[in-house]
Amino acid sequence: NEMLGFIRGGLEDFSVSREGATWGIPFPIMPDGSSARRDDGTWDPAAGTVYVWYDALINYITGVGFPDDPQMFERWWPADLHVIGKDINRFHTIFWPAMLMSAGLPLPRKVWVHGWLLAQGERMSKSRGNFLDPNDFVAALGRDGARYTVLREVAFDRDSDVSWDGFVRRYNADLANDFGNLLNRSLSMTRRYRGGERPAPTGGALAESWASTFAAYGERLEACLLHEALETLWGFVGEANKYVDTEQPWALAKAAKNGDAEADERLSGILGDLLEACRVIAFAAAPFMPDAAARAAAQLGVAFEYADDGNGGPPLQELLTWGALGAGGSIGATEPLFPRLETDEA
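Residues numbered from 1 in each chain as written. Predicted model: local features only at pLDDT ≥ 70, side-chain atom pairs only at ≥ 80, totals over all residues. Heavy atoms only, no water.

Here's the deal with the environment of Ser 163
Relative to the helices and strands, Ser 163 is located in the loop between β7 (160-161) and α6 (164-194). With 102 residues separating them along the chain, Ser 163 and Glu 265 place their C-alpha atoms 48 Å apart. At 3.0 Å, the side chain of Ser 163 and the backbone nitrogen of Gly 166 are in polar contact. (Helix = DSSP H or I, 4+ residues; strand = E, 2+ residues; numbered from the N terminus. Polar contact = N/O pair within 3.5 Å; in protein donor to acceptor, adjacent residues only side chain to side chain.)

What about unusual backbone geometry?
With an omega of -5°, the peptide bond running from Phe 66 to Pro 67 counts as cis. Cis geometry is found at the peptide bond from Trp 77 to Pro 78, where omega equals 10°. Tracing the backbone through its elements, the reader meets Pro 78 in the loop between α3 (70-76) and β3 (82-85). Although it is not a glycine, Gln 248 adopts a positive phi angle of roughly 50°. You can see Gln 248 is positioned in the loop between α8 (226-247) and α9 (249-257). Using a relative accessible area of 36% as the deciding quantity, one classes Gln 248 as partly exposed. (Buried < 20%, exposed > 50% of the residue type's maximum accessible area, 1.4 Å probe, protein only.)

Section: the packing of helix α10 (residues 261-284) against helix α11 (residues 290-300)
The contact between α10 and α11 brings their axes to 9 Å, and the two run at 160°. Relative to α11, the element α10 lies roughly antiparallel. The chirality of how α10 crosses α11 is left-handed. Taken together, the residues of α11 that come into contact with α10 (itself represented by Leu 275, Cys 278, Arg 279, Ala 282 and Phe 283) are Ala 293, Ala 296, Ala 297 and Leu 300. Of the residues belonging to the contact of α10 with α11, the class tally is 8 nonpolar, no polar and 1 charged. (Axes fitted to C-alpha atoms, helices over the stretch in contact; angles between N-to-C directions. Parallel < 35°, antiparallel > 145°, perpendicular 65-115°, else oblique. Left-handed = near helix turned anticlockwise from the far one by under 90°. Contact = heavy atoms within 4.5 Å. Nonpolar A, V, L, I, M, F, W, Y, C, P; charged D, E, K, R; others polar.)

Looking at the nonpolar core
Grouped together as the largest cluster of nonpolar side chains are 65 residues, with contacts concentrated most on Phe 179, Leu 182, Trp 234 and Met 289. If near-sequence neighbours (up to four positions away) are discounted, Trp 234 is found in contact with Tyr 148, Asp 174, Leu 175, Asp 178, Phe 179, Ala 285 and Met 289. (Core = buried A, V, L, I, M, F, W, Y, C linked by side-chain atoms within 4.5 Å.)

A few points about the environment of Phe 214
Counting through the fold element by element, Phe 214 comes out in helix α7 (residues 205-222). The sequence separation of Phe 214 and Asn 311 amounts to 97 residues, and the corresponding C-alpha distance is 22 Å.

If you want it as structure tokens, here you go:
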């Protein structure tokens with residue numbers, strides 16, 4: 001709305017050069033239209049320099065092959081999604097499209113403008129001293145913990161007020177307690193009751209819940225509502241934890257030990273469903289927590305065929321179908337995925 005209002009106010013030409021600057025890319029044209037290049041190959045400073053935002057924006061296309069590598073450029077441009085901060089909105093949604101139009105080049109298909117992280121209602125600033133040091137943040141929560149808590153705690157479509165204590169609480173509640181605990185007890189019960197062998201998942205209640213969860217998760221990712229996508233996914237984490245308490249595998253194991261064949265069969269299905277729930281959660285969370293997803297997969301005894309940068313491997317969506325990997329195989333060694341943090345220690 002802000003940019004539409006700016007456009008309705010009437011667009012005017014904007015300068016792409018700066019006069020008198022002692023640094024920057026030389027502007028190649030003199031005011032009379034002649035070349036600014038001198039006979040000795042140097043540039044006449046009277047022509048000025050290219051406005052820094054103008055040459056900075058051009059990097060988006062020169063960085064992907066324009067104009068020397070048409071094949072590379074065709075692969076990567078136009079951008080499907082361009083994510084920016086709201087303080088540079090005008091440059092990216094008015095100036096940059098105007099520049100591309102003037103060159104006859106396609107525009108980015110979608111620009112998403114995210115909000116700011118606020119501290120007690122104010123934008124974080126080094127001069128105010130109200131900022132969270134990202135290096136300390138990653139050192140305390142780990143790379144994946146930092147990514148998850150920021151993208152879960154901070155609305156991706158508006159400003160959000162955040163605090164150190166809030167991030168630590170989110171880490172402990174969602175990662176250490178909810179998912180970490182679900183994974184740990186599912187693996188522990190599988191090792192105790194099935195000798196570490198993975199039973200096949202069923203098409204029961206968790207499978208049905210995952211189908212609707214994954215559809216909603218995908219819709220929110222496509223809409224760039226990352227905080228809502230994670231909220232949806234962790235709603236399923238809560239359902240899986242509740243499933244453990246409702247089904248009480250330990251009671252079924254006791255009955256099976258006493259010769260109840262039906263309880264034994266039901267126990268296998270429950271454990272298979274819990275392991276499958278952990279698998280689809282880990283893989284669905286991989287775009288947010290690639291390291292943790294790989295570690296969870298190793299503990300579950302399933303392959304994680306993606307490089308550290310997320311590339312390679314099969315399309316992730318194929319692996320997020322319930323039961324995609326079938327049964328068989330053994331779980332791996334168990335270790336805490338997200339050790340709990342105390343606020344003072346963090």
